[in-house]
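Commentary on secondary and tertiary structure
Single-letter residue listing:
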Amino acid sequence: MPLQICISSCRICQKTKQRSAWNGEPAYRFCKICFLPTKRPRDITYSISLEAVTTLVVFLSCQLFHKEILRESLIHKYLMHGRCLPYTSRLVKTLLYNFIRQERSPPPGTHVFQQQTDGGGLLYGIASGVATGLWTVFTLGGVGSKPTPQLEQCSPLANQSLLLLLVLANLTDAPDTPNPYRQAIMSFKNTQDSSAFSSSNPHAFQINFNSLYTALCEQQKSDQATLLLYMLLHQNGNVRTYVLARTDIENLVLPILEILYHVEERNSHHVYMALIILLILTEDDGFNRSIHEVILKNITWYAERVLTEISLGSLLILVVIRTIQYNMTRTRDKYLHTNCLAALANMSAQFRSLHQYAAQRIISYTCRHLRRYVYVLDKLYFPHSHCSTLQHCFSTLSDNGEELLSLTCSHILRSYASSLFSLLSKKHNKVLEQATQSLRGSLDSNDTPLPDYAQDLNVIEEVIRMMLEIINSCLTNSLHHNPNLVYALLYKRDLFEQFRTHPSFQDIMQNIDLVISFFSSRLEQAGAELSVERVLEIIKQGALALPKDRLRKFPELKFKYVEEEQPEEFFIPYVWSLVYNSAVALYWNPRNIQLFTMDSG
């Protein structure tokens, strides 16, 4: 019979390839570039693949029933050594492509072991019996119905493959062998990369980065897709370089920002992963510049204010500040606000054409903490005073009510700031320690815990210091690009001037004070009753006239994400909590779960 050659295009890697066929009927259609089938797999193929992936997840699920991290087990031995090892790269590649394709489940009524009316054959019946028997053994005592989110129901093979990939990538290293699945994830390259593979890594392979990027952008609503994105950006330099070079980076960043914006609806781990992804991206100066060149229109999910047109960079600033504010008032997680501030600090030198609302939020958020700081110092140094004016003002202060505090308590703030900062400048650390100990002693006598305002003092000071450094970095490096930030700073200048001599902020306040004085002088010369447009025009002209050498240079603000020691203590329970909650058609008795608590994440 003649061999026929057919030409078509692979929808995964978009490359032309050949496929062979007998009598015009195609055999197994595959792409010579990505080596994956070019057509949707037949229903029986889909079902078998899903069962195979699910079986491996079940094999590995013994970790759920141990509180400690398993470092050696029978399944680890089989997966890390021997006959399984040569298939490492092919398995990781297949799981990734299953995730990329998001193939939908076969239509209802189709079953991998459906009986055939023509008899089927002995081999088919034996295979059906063996598979059904194995499935019974795997799920004995654990089968039950669990509501499955719609996202996982659409493509169970993609969801299950991603979960298995995360589990394999987070297996602990063997005593004599590093995790080959993690090595494969760390080293795979783009199909368009023609450079030779390193001989030191036998598990490297190639995959189509464009398809992978598209899938990552589309699937960020799930915890597991966000975790995969984190792993690839953190561990695979090829993927990170490719992502940072994309001209449509907003397709990836916007879903991440949406996760942070809806922080109330997300579990803490998902928020952490999204935030760390932003931190990793902001380590790159090119990214920090490019996001201010991307203009977005009508961001419907941002509810605080109508944003008809805003740059991606300004939107990122708004969402991160909102996340910090939520954390400071609700969860009070130091890890969260530290990473938020680190991301803003990385961006600060490249702030460009900040939206007026973004500039306003940077300054107003800083002012909020400056006022809070004065209030806390008042309570620490005068714990028995009956002056409740500041307390009343802070209790009535809301996001949109900051002017209330400025109008009603300006003279009180000036008075307290003057006396307190004079005292602090002489013996700041010792006085503060004595005041805190005195307050704690008076409270201990009544067995009353230290109040929140005393516990928060150091955190507030750290936030103020970092926000002032971010403002200073922007003024020093891109003053002429950000007239809206200067405008917002001048609008709140009275409060900033009170902190000019504060011992903790005195150095960083020099440039800010110089900018305030310089532009205030130019505005006074221009006369009174100036319109907003006229003020901005004067600021733009002044920015060109201000000698740069008058601004003191500080070390560049740069923060780099570093994974903590023994990361498996966090990631393995997290991954298995995702498997427990998201795996399709799998159920484990929650009373037997030891690895994590049911309310974790």
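Residues numbered from 1 in each chain as written. Predicted model: local features only at pLDDT ≥ 70, side-chain atom pairs only at ≥ 80, totals over all residues. Heavy atoms only, no water.

Our focus in this paragraph is the overall build of the protein chain. Counting secondary structure elements, the protein chain contains 25 helices and seven strands. The buried share of the protein chain, taken over its 601 residues, is 52%. Counting only contacts in the protein chain whose residues sit at least 6 apart along the sequence, the fraction spanning at least 24 positions is 71%. As presented, the protein chain carries roughly 29,300 Å² of accessible surface, and 52% of it is formed by carbon and sulfur atoms. (Helix = DSSP H or I, 4+ residues; strand = E, 2+ residues; numbered from the N terminus. Buried < 20%, exposed > 50% of the residue type's maximum accessible area, 1.4 Å probe, protein only. Contact = heavy atoms within 4.5 Å. Areas by Shrake-Rupley, 256 points an atom, 1.4 Å probe, with all protein chains shown as cover.)

Phi is positive for Asn298, which is not a glycine, with a value near 55°. Tracing the backbone through its elements, the reader meets Asn298 in the loop between strand 6 (295-297) and strand 7 (309-311).

Mapped onto the secondary structure, Asn170 falls in the loop between helix 6 (156-169) and helix 7 (180-187). Look at Asn170 and you get buried, because its relative accessible area is 13%. Within the structure, Asn170 has its side chain in polar contact with the backbone oxygen of Leu166 (distance 2.8 Å). Once residues within four sequence positions are removed from consideration, Asn170 is found in contact with Asn179, Arg182, Met231, Phe571, Ile572 and Val575. (Polar contact = N/O pair within 3.5 Å; in protein donor to acceptor, adjacent residues only side chain to side chain.)

Looking now at the packing of aromatic side chains. Counting across every chain of the model gives 16 aromatic pairs. A ring pair is formed by Tyr213 and Tyr242, whose centres lie 6.4 Å apart and whose planes are at 75°; its orientation type is edge-to-face. Taken together, the positions of Tyr213 in helix 8 (residues 209-218) and Tyr242 in helix 10 (residues 237-245) put the pair 29 residues apart, joining distant regions of the chain. Pairing Phe518 with Phe519 gives two aromatic rings, centres 5.2 Å apart and planes at 85°, and the pair type is edge-to-face. With respect to class, Phe518 is no different from Phe519; both count as buried. Taken together, the aromatic side chains of Phe188, Phe205, Phe209, Tyr213 and Tyr242 make up a single cluster linked through ring pairs. (Phe/Tyr/Trp six-rings, centres within 6.5 Å; stacked < 30°, edge-to-face > 60°.)

This paragraph deals with the packing of helix 9 (residues 223-235) against helix 12 (residues 268-281). Helix 12 packs onto helix 9 with a crossing angle of 30° between their chain directions and a minimal axis gap of 9 Å. When the axis of helix 9 is compared with that of helix 12, the two are roughly parallel. The way helix 9 lies across helix 12 gives a crossing that is left-handed. Together, Asp223, Thr226, Leu227, Leu229, Tyr230, Leu233 and His234 of helix 9 and His270, Met273, Ala274, Ile276, Ile277, Ile280 and Leu281 of helix 12 make up the contact between the two elements. Tallied by class, the residues present in the contact of helix 9 with helix 12 amount to ten nonpolar, three polar and one charged. (Axes fitted to C-alpha atoms, helices over the stretch in contact; angles between N-to-C directions. Parallel < 35°, antiparallel > 145°, perpendicular 65-115°, else oblique. Left-handed = near helix turned anticlockwise from the far one by under 90°. Nonpolar A, V, L, I, M, F, W, Y, C, P; charged D, E, K, R; others polar.)

This paragraph deals with helix 24 (residues 532-545). In this model, helix 24 (14 residues) spans 20 Å end to end at C-alpha, consistent with the 20 Å of a helix rising 1.5 Å per residue. Every buried residue belonging to helix 24 is among Val535, Leu536, Ile538, Ile539, Gly542 and Ala543, and all of these are buried. Along the long axis of helix 24, the arc covered by the buried residues comes to 160°, so they all point the same way. Seen from the buried face of helix 24, the exposed residues on the opposite side, beyond 90 degrees, are Glu533 and Leu544. (Expected span 1.5 Å × (residues − 1). Arc of directions from axis to C-beta.)

The next subject is the confidence of the model for the protein chain. Confidence in the prediction of the protein chain, expressed as mean pLDDT, is 78, and 72% of residues score 70 or more. Between residues 115-151, whose pLDDT stays under 50, and residues either more than four places distant or in other chains, the model counts 29 contacts. Per-residue pLDDT stays below 50 along residues 422-429; that stretch engages in 14 contacts with residues further than four places along the chain or on separate chains. (pLDDT = per-residue confidence, 0-100.)

Let us now look at the pattern of salt bridges. Side-chain pairs of opposite charge can arise where the charged atoms are in close proximity. A full pass over the atoms with the stated rule returns 13 salt bridges. Glu283 is paired through a salt bridge with Lys560; the nearest N and O atoms lie 3.5 Å apart. You can see Glu283 sitting in the loop between helix 12 and helix 13 (285-290) and its partner Lys560 sitting in the loop between helix 24 and helix 25 (568-582), a full 277 residues away along the chain. Judged by its relative accessible area of 24%, Glu283 is partly exposed. Of the charged contacts in the structure, one is a salt bridge between Arg322 and Glu304, with a shortest N-O distance of 2.7 Å. One end of the pair, Arg322, is in helix 14 (residues 312-331); the other, Glu304, is in the loop between strand 6 and strand 7, with 18 residues separating them in the sequence. Residue Arg322 is classed as buried on the basis of its relative accessible area of 19%. Judged by its relative accessible area of 41%, Glu304 is partly exposed. (Salt bridge = Lys/Arg side-chain N within 4 Å of Asp/Glu carboxyl O.)

For the rest of this paragraph, the subject is the nonpolar core. Counting 165 residues, the largest nonpolar core has Leu227, Tyr230, Leu315, Phe496 and Trp576 as the members making the most contacts within it. Of all the elements, helix 16 (residues 356-381) adds the most residues to this core, at 13 residues. Apart from residues lying up to four places away in sequence, Leu315 is in contact with Leu254, Leu257, Leu296, Ile299, Trp301, Tyr302, Leu307 and Ile310. (Core = buried A, V, L, I, M, F, W, Y, C linked by side-chain atoms within 4.5 Å.)

Axis separation between helix 3 (residues 88-101) and helix 8 bottoms out at 8 Å; the angle between their running directions is 55°. It follows from the interaxial angle that helix 3 and helix 8 lie oblique. Handedness of the crossing formed by helix 3 with helix 8: left-handed. Note on element contacts: helix 8 touches helix 3 through Ser211, Leu212, Ala215 and Leu216, opposite Leu96, Phe99 and Ile100.

Right, let's get into the side chain of Gln220. With respect to the element layout, Gln220 can be found in the loop between helix 8 and helix 9. A distance of 2.9 Å separates a polar side-chain atom of Gln220 from the backbone oxygen of Leu216. Setting aside its immediate chain neighbours within four residues, Gln220 contacts Ala225, Thr226, Leu229, Pro255, Ile256, Ile259 and His270.

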